[in-house]
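# Descriptive analysis of the structure
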Amino acid sequence: AFGTGDTVLVLIGDPKQAIYGFRGADVYAYLEAADSAASRYTLADNWRADQPLLDATDALLSPLQFGHSGIPYRRVQAAPDRQDAGLIGQPCPAPLRVRVVADRQVGVRITTKGQLQKGSLMEWLAADLAEDVAGLLRSGARLQERAGAAPGVAEVASRPLAPGDVAVLTRTNRQALMIREALRRSGVPSVVAGLDTVFTSPAARDWLRLLEALQEPASRSRVAAVALGSFVGLEPDEVATAGEARWEDLHDRIHRWAAVLDRRGVAALYRAVTVEEDLPARVLGRDGGERLLTDLGHVAHLLHAEAAAG
């Protein structure tokens, strides 16, 4: 909290998120601001995880610094109704497990250099994970329904664990599809969620038009496509009757954004467009605007992550 006379400025941030630089986040700017604050407060309660999982995570990661002494790993406590494990009767009661693949794993091909062949290894990992999930679902494990339950209450409602209670996080779509097929072969129904639909959305179309225009800023047809999309938001009659001064302004805008993308990346580009075009206020003012704005940000995040990985 920063005090200036009768005004108190409160800064809310997460340095571990800022590390990735999404939407122009600068972790060092956060650290500098945090060091200048008159008071600092840290959330100490976790409302998503059970205490046994938090204890296991503490054993694995504490003490640890995330690349800087000002970004330490912090221990937190689970909510009062999550002091015990939320799953009972599972084959392995450990809240956190690490699976180790041997350097000569049976069923995984070896390259001429004596290393595990990546494609074969991915297939083995998917099959191993699928069998582990199938075994868990067959075990009779039960999920505790503890919403609103008081701490220490012995009788807590429970129900059989179902396929929909299990989530598998992957880094790429290809991995997700591979695991889905392995789960189906093991008799576990599954779906892939998250990345399949956004690339067929109007937001993805607007991003494609913008990137095409940034490739050819002098193309009037490509600039017109951006002008008609969400990022600029002109009406068709405005584009049709635009004079040369208006076209010069649009081309200059695209040239400027192309420079931002080239020098600073997708996150900075999205922030520049958002600010210059007053994107939230304009998009939220129309039907379906909230979904569109969310999808525009989602595509920006995926493009940023892909650029960072490349």
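If you're wondering where the values come from, they're calculated on a predicted model, not measured in any experiment.

What counts as what
- Residues numbered from 1 in each chain as written.
- Predicted model: local features only at pLDDT ≥ 70, side-chain atom pairs only at ≥ 80, totals over all residues.
- Heavy atoms only, no water.
- Pairing = 2+ DSSP bridges.
- Helix = DSSP H or I, 4+ residues; strand = E, 2+ residues; numbered from the N terminus.
- Axes fitted to C-alpha atoms, helices over the stretch in contact; angles between N-to-C directions.
- Parallel < 35°, antiparallel > 145°, perpendicular 65-115°, else oblique.
- Contact = heavy atoms within 4.5 Å.
- Nonpolar A, V, L, I, M, F, W, Y, C, P; charged D, E, K, R; others polar.
- Left-handed = near helix turned anticlockwise from the far one by under 90°.

### Describing the sheet that holds strand β7 (residues 158–160)
- Strand order in the open sheet formed by three strands is β5-β6-β7, and the pairing between neighbours is antiparallel. Each edge of the open sheet carries a strand with a single partner, namely β5 (87–88) and β7.
- With three bridges connecting them, strand β6 (residues 142–144) and β7 associate as antiparallel partners. Considered in β7, the bridge of R142 is made with P160.

### Details of the packing of helix α6 (residues 202–215) against helix α10 (residues 266–276)
- Contact pair α6 / α10: the axes reach a minimum separation of 13 Å and the direction vectors enclose 105°. Taken as axis vectors, α6 and α10 run roughly perpendicular relative to one another. Within the contact between the two elements, α6 uses W207, L210 and L214 and α10 uses V266, L269 and Y270.
- Broken down by class, the residue content of the contact of α6 with α10 amounts to six nonpolar, no polar and no charged.

### Quick look at the packing of helix α4 (residues 118–138) against helix α5 (residues 173–185)
- Closest axis-to-axis distance for the α4/α5 pair is 8 Å, and the angle between their directions is 50°. As judged from the angle between their axes, α4 and α5 are oblique. Read as a crossing pair, α4 and α5 show a hand that is right-handed. Side by side, α4 and α5 meet where M122, E123, A126, A127, L129, A130 and V133 of the first sit next to Q175, M178, I179, A182 and L183 of the second.
- Within the contact of α4 with α5, the residues separate by chemical class into 10 nonpolar, one polar and one charged.

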